[in-house]
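Structural description and commentary
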Amino acid sequence: MADRLVEDGWKELGYEYVIIDDCWVSKQRDDQGRLQPDPTRFPGGIAKLARYIHDRGLKLGIYSDMGSHTCMGFPGTTLDKIEIDAQTFASWGVDYLKFDGCYSNPVEQMLGYPQMSKALNATGRPIAYSCSWPAYLGGLPPNVNYSLLGEICHLWRNYDDIQDSWDSVQGIIEWFASNQDVLQPAAGPGRWNDPDMLIIGNFGLSVEQARSQMALWAIMAAPLIMSNDLRNLDNWATAILQNKAAIAINQDPLGIQGRRLVQEKSHIDVFWRPLSNSASALVFLSHRTDMPFLYHTSLAKLNYQPGNYMVYDVFTSSTVTRLKASTDFTVSINPTGVVMWYVYPQQQSQRLHLHHQQHRKESHVRYRKPKAESTVL
């Protein structure tokens, strides 16, 4: 997977972690009480694997569980083992830890999750910390304290594990939208809600549904963690996962999570996310299963200020110029699909154009976009 990330263009788009989930660990700890990898599956050990991954400019993630056992029954990290496990992971060169919560109770979790945060910091190695804590407490206040989570974890699983099906994706989107008043303010740079993995490129989603997952995860400012086999992805799955505009929206530096604005009786939802430079993203999602639906609205009805806007369609790469906020428009949304727009004020695009002209005159070279810049901006 590390080789594929580098050779197939994933790394330069920002996909930089290779994360091992449950079942990597041996059934017994070693003589010093440390976790050790299964010798048949990881004969060279984790440190050697970390070096291989680091040599390619990537980062390595690993899994452990705040409890007596992992979810699949391997040795867990009990309270007395937190420090030694954090030190072990750091000594191996691990860059990311997913800390699950099977086989533990709420009291142990309340002690263990902050303790692991402290122990990881004490190693001196920067390690991204993914906490499954809220998912074990129902994901909502008063059981979950999102202010505390934001202080101790970089990202956290709020809700059920994703399954390889559209029903599962829809269920997650609905839970996040229904509880957005609590969840949306909890997210920001360095502290993210994690609705679970992208299942694009497996078996359960159609092309339309795969676009829907990518679009909604971008709106939710969700970590983009692919769960698939990069050696045999269909071209359409690769195109969706490597869509530069969707990634740029997802990774917007403001880091504000989006919201559902409208839930129609016609089973169309509209989501919105504010972005840098007065831009925003809109997603029109169809929960219908019958036929393409023509949805009529205007930017003004979606709370946009008066004025002219430019619209870039993320999945068709087409641009609409000079769309007035007050002008009614119609989008055709395929069943279980989305239309995703990047929207920005017209005067801003003119300002950018003038700036580019000026830049050209001053430097006497033709203005070129940096290679990594998204096709949107």
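Described in the following lines is the structure provided in the data block. Source: prediction; values computed, not measured.

Turning next to the overall build of the protein chain. Looking only at helices and strands, one finds twelve helices and 14 strands in the protein chain. The globule rule puts the C-alpha radius of gyration for 377 residues at 21 Å, and the 22 Å found for the protein chain is close to it. Dimensions of the protein chain, computed from the C-alpha atoms along their principal axes, are close to 70 × 55 × 40 Å. Expressed as a percentage of the 377 residues in the protein chain, the buried residues total 52%. Once local pairs closer than 6 in sequence are excluded, the contacts in the protein chain between residues at least 24 apart make up 69%.

Sheet architecture is open: six strands sit in the order E7-E8-E9-E14-E11-E12, paired in antiparallel fashion. Each edge of the open sheet is held by one strand with a lone partner, namely strand E7 (259-263) and strand E12 (319-324). On average, adjacent strands in this sheet sit at an angle of 25° to one another, irrespective of strand direction. In the sheet, E7 pairs with strand E8 (residues 268-274) via four bridges, with the strands oriented antiparallel. Across the sheet, Gln 263 pairs through a bridge with Asp 269, a residue of E8. Seen against the sheet, helix H7 (residues 166-178) touches E7, E8 and strand E9 (280-286) and runs at an angle of roughly 100° to E7. Packed on one face of the sheet, helix H9 (residues 207-219) meets E7, E8, E9 and strand E14 (338-345) and runs near 35° to E14.

On to the packing of aromatic side chains, then. Centre-to-centre distance and the angle between the planes together describe a pair of aromatic rings. Applying the stated criterion across every chain yields a total of 17 aromatic pairs. Taken together, a centroid distance of 6.3 Å and an interplanar angle of 40° make the contact between Phe 99 and Tyr 129 tilted. Linking Phe 99 in strand E3 (residues 96-100) with Tyr 129 in strand E4 (residues 128-131), this pair joins segments that are 30 residues apart in sequence. Each of the two residues, Phe 99 as well as Tyr 129, counts as buried. Taken together through their ring pairs, the aromatic side chains of Phe 99, Tyr 113, Tyr 129 and Trp 133 make up a single cluster. One residue, Lys 27, lies across the ring of Phe 74, its end atom 4.3 Å from the ring centre. Positioned over the ring face of Tyr 52 is Arg 56, at 3.4 Å from the centre of the ring.

The sheet built from six strands is open, its strands ordered E1-E2-E3-E4-E5-E6 with parallel pairing. Two strands in the sheet have a free side with no partner beyond their single neighbour: strand E1 (17-19) and strand E6 (192-194). Averaged over all pairs of adjacent strands, the angle between their axes in this sheet comes to 25°, without regard to strand direction. The pairing of E3 with E4 spans four bridges and is parallel. Looking at the pairing, Phe 99 lines up with Cys 131 of E4.

Scanning the entire structure with this criterion turns up 18 salt bridges. For Lys 98, the salt bridge identified is with Asp 21, shortest N-O distance 3.3 Å. In this pair, Lys 98 is assigned in strand E3 and Asp 21 in the loop between E1 and helix H2 (45-55), connecting sequence segments 77 residues apart.

Summed over all chains, the structure comprises two disulfides. Between the sulfur of Cys 71 and that of Cys 102 lies a disulfide, 2.1 Å long from S to S. The disulfide joining Cys 71 to Cys 102 has a torsion of about 95° about its S-S bond and is therefore right-handed. Here the residue Cys 71 occupies a position in the loop between strand E2 (59-65) and helix H3 (82-92), and Cys 102 occupies one in the loop between E3 and helix H4 (106-122), the gap between them amounting to 31 residues. The class of Cys 71 is partly exposed, set by a relative accessible area of 27%. There is a disulfide in this structure between Cys 131 and Cys 153, and the S-S distance comes to 2.1 Å.

All right, on to the side chain of Ser 64 then. Its place among the elements puts Ser 64 in strand E2. If we skip the residues at most four places from it in the chain, Ser 64 touches Thr 77, Phe 89, Leu 97, Lys 98, Phe 99 and Asp 100.

Attention now moves to the packing of H3 against H4. Here H3 crosses H4 at 40°, and the two axes come no closer than 9 Å. Our classification of the angle between H3 and H4 gives oblique. For the pair H3 and H4, the crossing hand works out as right-handed. Contacts from Ile 82, Glu 83 and Ala 86 of H3 reach H4 at Gly 112, Gln 115, Met 116, Ala 119 and Leu 120. Residue classes in the contact of H3 with H4 are distributed as five nonpolar, two polar and one charged.

Conventions used here
Residue indices follow the written sequence of each chain, beginning from 1 at its first position. Under the rules for a predicted model, residues below a pLDDT of 70 receive no local features and side-chain atom pairs below 80 are neither given nor counted, while totals for whole chains, interfaces and linings still include all residues. Calculation of side-chain values draws on the structure's entire complement of heavy atoms; hydrogens and water are dropped beforehand. Working definition: helices are DSSP H or I runs of at least four residues, strands are E runs of at least two. Numbering for both runs from the N terminus. Both definitions apply: the radius of gyration is a C-alpha atom measure, and the globule rule equals 2.2 Å times residues to the power 0.38. In this scheme, a residue with accessible area under 20% of its type's maximum is buried, one over 50% is exposed, and one in between is partly exposed, where area comes from a 1.4 Å probe on protein chains only. Here a residue-residue contact requires only that any non-hydrogen atoms of the pair lie within 4.5 Å. Think of it this way: DSSP has to see at least two bridges between two strands before they count as a pair. Angles here are taken between N-to-C directions and fall from 0 to 180 degrees, while the axes themselves are lines fitted to C-alpha atoms, restricted in helices to the stretch in contact. The rule is short: rings of Phe, Tyr and Trp, with Trp giving its six-membered ring, pair when the centres are within 6.5 Å, and they are stacked under 30 degrees, edge-to-face over 60, tilted in between. Should the NZ of a Lys or the CZ of an Arg lie within 6 Å of a ring centre and within 35 degrees of the ring normal, that charge is described as sitting over the ring. We define a salt bridge as a contact between a side-chain nitrogen of Lys or Arg and a carboxyl oxygen of Asp or Glu at a distance within 4 Å. Cysteine sulfurs are considered disulfide-paired once they come within 2.5 Å of each other. Oblique is the label for any angle not covered by the other classes, which are roughly parallel (under 35 degrees), roughly antiparallel (over 145) and roughly perpendicular (65 to 115). Left-handed describes a crossing in which the near helix is turned anticlockwise from the far one by less than a right angle; the clockwise case is right-handed. Residue type decides the class: Asp, Glu, Lys and Arg count as charged, Ala, Val, Leu, Ile, Met, Phe, Trp, Tyr, Cys and Pro as nonpolar, and the leftover types, Gly among them, as polar.

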